[in-house]
Protein chains: 2
Amino acid sequence: MSFKPYNSAMLALGQAPSVIRETFEYGNRRAAEIGRENVFDFSLGNPSVPAPDSVDESIRRLLSDTDSVLLHGYTSAVGAEPTRKAIADDINARYSAGISAADIYMTCGAAASLTVTLNAILCDGDECMTFAPFFPEYRVFVEATGAKFTPVPADTQNFQMNLDAFAELVSPATKAIIINTPNNPTGVIFTEENLQKFCDLLRQKEAEYGHPIYLLADEPYRELVYDDTASVPYLTNLYDDTFVCYSFSKSLSLPGERIGYIVVSPKMQENRALYAAVCGAGRALGFVCAPSLMQRVVAENVGKTADLSVYRKNRDLLYNALTSYGYRCIHPDGAFYLFVEALEADANAFCQKAREFELLLVPSDSFGCEGFLRIAYCVTTEMIERSLPAFKKLAEAYGVHGEA
Amino acid sequence: MSFKPYNSAMLALGQAPSVIRETFEYGNRRAAEIGRENVFDFSLGNPSVPAPDSVDESIRRLLSDTDSVLLHGYTSAVGAEPTRKAIADDINARYSAGISAADIYMTCGAAASLTVTLNAILCDGDECMTFAPFFPEYRVFVEATGAKFTPVPADTQNFQMNLDAFAELVSPATKAIIINTPNNPTGVIFTEENLQKFCDLLRQKEAEYGHPIYLLADEPYRELVYDDTASVPYLTNLYDDTFVCYSFSKSLSLPGERIGYIVVSPKMQENRALYAAVCGAGRALGFVCAPSLMQRVVAENVGKTADLSVYRKNRDLLYNALTSYGYRCIHPDGAFYLFVEALEADANAFCQKAREFELLLVPSDSFGCEGFLRIAYCVTTEMIERSLPAFKKLAEAYGVHGEA
């Protein structure tokens, strides 16, 4: 036995370079050199709008009218009952999903919703799939359970789920599939038709393999939808074996407060055992009791959102300008990302070139899909306006000239 | 392959009966039957004193003077630099420990401090030890990493670390040892002599085995010390290969807010690699960025505590009364627990008997030590006063009569 003073997999994760973080840090150094106003940083998917006033009002009122020992004290391990009830009522009012408080487990945010669910269901030898392009931490979360992570190649025509490729890759080892709509990094919303076909295929494979295949709906962007025609169906209504992994990070602009939840669909077979496994995974990972003040705050703010209209304005401004300059990009209906084709085959090289114009963009390789770049438009509209000449010059540097 | 629709270990954890929780729930049912004032519930180790006023003042001021996007936004994954610096400065001022902000990783509370550290260092086949009696979740956290959990039998004479038993059990597979002083469930503080001998033994075993053995100091009760003569040395000053796992739950009475930290001792060999492994484990478990508002709050409140004097008063009242009735109990210098000998061999049977007198006590078996019961005296002094005749009658029911 060769003794390792640490867990090597954890060391590798801790030391792994992150292109998003590296880009963000380059931006900070560059801002120090030439001034923050001259750097156009589109690297981070952080909400740029404040939390709704009602959030801070809830905090102030709770501090005044709630006993400190209760307010800052432990709730039940699964979360406070009134919070879980308020969330279930809101989901049912909007989607008639038949969820009860007993189906909800409060978590410390989106990452915890995913890791707790994955640890509850996956064993060594199991496989968890997702559709490219995907949030890079999915791989980290799945592999940490000992399961195999299998991404399905992207359909780069429309960035819907690539069901033909999925049908070829799915196997009896497949136990779970993570889907993310509205999507990071494309901003695409999966159509109801695409979702229906996918769920039909899953049911067919469940019957063929004789065991459940769980759908994990990672939904931090559910409320960030900009087209009135686009609908985001509630997944438990389409497919019984569904876990919904939610976070209030984007909807209430509270990413740092680490508050979210898991819904274990009541339609799932062995729903109570799976809910218990979620509780067990929460214990084993060290997540019992989500932050208590924030549990009370979200109970009072379910169904509300920050003012998300700036994201729609940003999307329209940036999408229209970039396509007019000759860039090609899928039209995004939600989240706060544009996924643009690089103007050379190597997206990393393209993003390096973009830095010459002070544009900080994230190449798509780490999302499991080469040749694109992600533009996070959760920034000020004014920064986007100032950045447009740089995007135009970057296209021209590649000999691309648009309409104008 | 037999398909399991869940991870069986997680299901077992989620369904495992907890004697503490069961006792607490029995208390709620009983209170509904005979009135809350007639039930003496000593089952839960939850702070019973409010957070210091300065905590709520910090929250109010931060809401007023900090931009919402910053206040509720992500910090660095390892925690905000000013918070880590404030904590390091406080530790250094009190213990001259030479800690810097770069040695600190902010966590979502005590459980996360432990799970992140354990996952950073342990691999399959490694062993992690602790001293009985111990907080039952240690076993859960260690076994979830795939490592073996080995408790060292208690020294029931004085509840110091049983070093003779440790020396017999330690082996080349031993990679980590969790210690907890002031201790849950005994309230005992390990003496400086006991700690010194333990650290000497660890160094000797490190040399013998040719690899580090890490000390994990689980310290939620560090500030809860009632005797001016009792000191709790800072472990990084006694032993180089130390991680300190801290939480503000008890010191600031914020158990529900999930805020704590890990110190990776700067004196540790490969300190930077181990810090990186901690970062990697945080990613893999889904803990990046501790709750942001609370990070700012603790930065302004390091070194402060809730008014802990009621715990000392409760300890004196209960210890003096119980020993005068003929109970035998180690004198606790810290935390908020009394660890009392059961008056029959089976502590579970004794605690059932105690319920006839409306006393809700926790038998010691789940702490890895039979024949005792834990009394959590983080309750109102007035409840203790009302409970004393019941303790007296319970002793008398066993034919035990005290001095009075």
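Each remark here, short or long, concerns the structure printed above.
Here's what I pulled together on the structure shown here. Per-chain numbering applies: the sequence of each chain, read as written, is numbered from 1 onward. All chains are assigned letters beginning with A, and all ligands numbers beginning with 1, in the order in which they are written. Local features in a predicted model are, by the rule used here, given only for residues with pLDDT of at least 70; side-chain atom pairs are given and counted only at 80 or more, and totals for whole chains, interfaces and linings are based on all residues. Side-chain descriptors were evaluated using all non-hydrogen atoms of the structure, hydrogens and water having been removed beforehand.

All names here are of chain A. With respect to the secondary-structure elements, Ile87 resides in helix H5 (residues 81–95). Linking Ile87 and Gly286, residues 199 residues apart in sequence, is a C-alpha distance of 23 Å. Contacts are assigned to residue pairs with any non-hydrogen atoms lying within 4.5 Å of each other. Ignoring anything within four residues of it in the chain, the contact list for Ile87 reads Ile104, Met106, Phe248, Tyr261 and Val302. Elements are defined by DSSP. Helices are runs of H or I of four residues or more, strands are runs of E of two residues or more, and each kind is numbered from the N terminus.

Our next topic: the packing of aromatic side chains. Residues and elements named next belong to chain A. Ring geometry is summarised as follows: Phe, Tyr and Trp rings, the Trp one being its six-membered ring, pair when their centres sit within 6.5 Å, and such pairs are stacked at plane angles under 30 degrees, edge-to-face over 60 and tilted between the two. Evaluation of the coordinates by the stated rule reveals 41 aromatic pairs over all chains. Through a chain of ring-to-ring contacts, three or more aromatic side chains come together here, namely Tyr221, Tyr311, Phe336 and Tyr337. The residue whose ring lies beneath Arg272 is Tyr275, and the NZ or CZ to ring-centre distance is 4.8 Å. Placement of a positive charge over a ring is assigned whenever Lys NZ or Arg CZ falls within 6 Å of the ring centre and within 35 degrees of the normal to the ring plane.

Here B:Ala51 shows up in the loop between strand S1 (40–41) and helix H3 (53–65). Between the alpha carbons of B:Ala51 and B:Asn348 there is a distance of 34 Å; along the sequence they are 297 residues apart. Residues within four places of B:Ala51 in sequence aside, it is in contact with A:Ser68, A:His72, B:Leu252, B:Ser253 and B:Leu254.

For the rest of this paragraph, the subject is the relation of the copies chain B and chain A. Here the copies were fitted onto each other by least squares, based on C-alpha atoms from residues at pLDDT of at least 70 in both. For the pair chain B and chain A, the relating rotation is 180 degrees, the translation along its axis is 0.0 Å, and the fit reaches an RMSD of 0.0 Å. Viewed as a symmetry operation, the transformation between the two copies matches a two-fold axis. Most of the interface of chain B is mirrored in chain A, where 100% of its interface residues again form contacts.

Residues and elements named next belong to chain B. If you walk across this open sheet you meet the three strands as S9-S12-S11, and the pairing is antiparallel. The open sheet has two free edges, formed respectively by strand S9 (337–341) and strand S11 (362–363), since each of these has just one partner strand. The criterion for strand pairing is that DSSP finds at least two bridges linking the strands in question. Both S11 and strand S12 (residues 372–376) contribute to a ladder of two bridges, which runs antiparallel. Across the sheet, residue Val362 finds its bridge partner in S12, namely Arg374.

On their own, these measurements won't tell you what the molecule is for.
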